[in-house]
Amino acid sequence: MAKAKTDGAADAEQGAAAGAAAPVESADPVKSVDSTLGYEQARDELIEVVRSLEAGGTTLEESLALWERGEALAKVCRRWLDGARARLDAALAESPDGPEAERA
């Protein structure tokens, strides 16, 4: 009976790995990433992609799909971070106590 549970767990892991790669089947993995994905969501999914790649046990095709998904997620994270930096810079530039005021 324990053997059946182990086999079931292995099947579940394989299914999860296949499910993680499934959205990447489109020609452009960046387009398959939801444009409304928040930074934290994209970061968390990227962490899972990295864990899957580091764990190994996937086929070359699955690994490539995971890698492409990770690249797309990293771009989403970068856009969020760049936007946050721009907002912060703009707020600091408008602030009377900003970095420009300190130089005067």
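Residues numbered from 1 in each chain as written. Predicted model: local features only at pLDDT ≥ 70, side-chain atom pairs only at ≥ 80, totals over all residues. Heavy atoms only, no water.

**Description of the environment of Val49**
Condition: Secondary structure follows DSSP: runs of H or I at least 4 residues long count as helices, runs of E at least 2 residues long count as strands, and numbering of each begins at the N terminus. Contact definition: two residues touch when any of their heavy atoms are within 4.5 Å.
Topologically, Val49 is positioned in helix α3 (residues 39-55). Expressed as a C-alpha distance, the spacing of Val49 and Glu68, which sit 19 residues apart in the sequence, is 9.8 Å. Not counting residues within four places of it along the chain, the set of residues in contact with Val49 comprises Leu66, Arg69, Gly70 and Leu73.

**Examining the pattern of salt bridges**
Here is the rule: Just to be clear on terms, a salt bridge is a Lys or Arg side-chain nitrogen sitting within 4 Å of an Asp or Glu carboxyl oxygen.
Enumeration according to the criterion identifies 5 salt bridges in this entry. Arg69 is the salt-bridge partner of Glu45, the closest N and O atoms lying 2.7 Å from each other. Here Glu45 is found in helix α3, whereas its partner Arg69 is found in helix α4 (residues 60-94), with 24 residues between them in sequence. Among the ionic pairs, Arg78 bridges to Asp82, the shortest N-O distance being 3.5 Å.

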